[in-house]
Amino acid sequence: METRMIAFLRLAAIGFVVLTVIYWLISVYSRSVRREALERRWEEEVAEGAAPEGRDAYIRDGMRAYERGLRRRLIGLVYVVPALVVIFLIWLNNYS
């Protein structure tokens with residue numbers, strides 16, 4: 001019984017580390033895509049006659065809005081969904 005608990009804790013720790021790396025990679029990728037979209041939008045729509053300092057402020061404000069947005073929060077599901085799947089599989093294995 002004790003070895004099963006140690007094995008489960010080891011699995012949980014390794015899973016947490018792997019999910020953290022995946023979360024970090026998705027987060028960095030999503031931020032870069034959003035920043036590129038803001039830069040493209042600035043060049044296409046806003047740039048005419050605007051000062052270069054305005055571009056930095058525009059991108060900074062857009063990234064702040066991204067940080068408060070739904071997409072940023074949904075990335076947190078990287079932790080939730082696999083945990084729910086493991087809990088469901090344990091329940092399925094033990095009680096059905």
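For the structure, check the block above.
In this text the structure is predicted, and so the values were computed from the model without any measurement.

**Here's the deal with the side chain of Ser-30**
Inspection of the secondary structure assignment puts Ser-30 in helix H1 (residues 2–46). When neighbours within four sequence positions are excluded, Ser-30 is seen to be in contact with Tyr-66, Arg-71 and Ile-75.

**Focus: the environment of Arg-41**
Counting through the fold element by element, Arg-41 comes out in helix H1. Taking relative accessible area as the criterion, Arg-41 reaches 31% and is therefore assigned partly exposed. In this structure, the C-alpha to C-alpha distance between Arg-41 and Ile-14, residues 27 residues apart in sequence, is 41 Å. With residues near it in sequence (within four places) discarded, Arg-41 still touches Arg-34, Val-46 and Tyr-58.

**Focus: the pattern of salt bridges**
Taken as a whole, this structure holds 5 salt bridges when the rule is applied. In this structure, the salt-bridge partner of Arg-55 is Glu-39, at a minimum N-O distance of 3.7 Å. Here Arg-55 is found in helix H2 (residues 52–67), whereas its partner Glu-39 is found in helix H1, with 16 residues between them in sequence. A network of salt bridges, in which partner residues are shared, links Arg-31, Glu-67 and Arg-72.

**Quick look at the packing of aromatic side chains**
Following the criterion strictly, the structure yields 4 aromatic pairs and no others. With centroids separated by 5.6 Å and ring planes inclined at 35°, the aromatic side chains of Tyr-23 and Tyr-79 adopt a geometry described as tilted. On the criterion of sequence distance, the pair formed by Tyr-23 in helix H1 and Tyr-79 in helix H4 (residues 77–95) is long-range, its members being 56 residues apart. For Tyr-23, a relative accessible area of 23% translates into the label partly exposed. Overall, the relative accessible area of 27% leaves Tyr-79 in the partly exposed class. The rings of Phe-16, Tyr-23 and Tyr-79 are connected pair by pair, giving a single aromatic cluster.

Cut-off values and rules
Residues numbered from 1 in each chain as written. Predicted model: local features only at pLDDT ≥ 70, side-chain atom pairs only at ≥ 80, totals over all residues. Heavy atoms only, no water. Helix = DSSP H or I, 4+ residues; strand = E, 2+ residues; numbered from the N terminus. Contact = heavy atoms within 4.5 Å. Buried < 20%, exposed > 50% of the residue type's maximum accessible area, 1.4 Å probe, protein only. Salt bridge = Lys/Arg side-chain N within 4 Å of Asp/Glu carboxyl O. Phe/Tyr/Trp six-rings, centres within 6.5 Å; stacked < 30°, edge-to-face > 60°.

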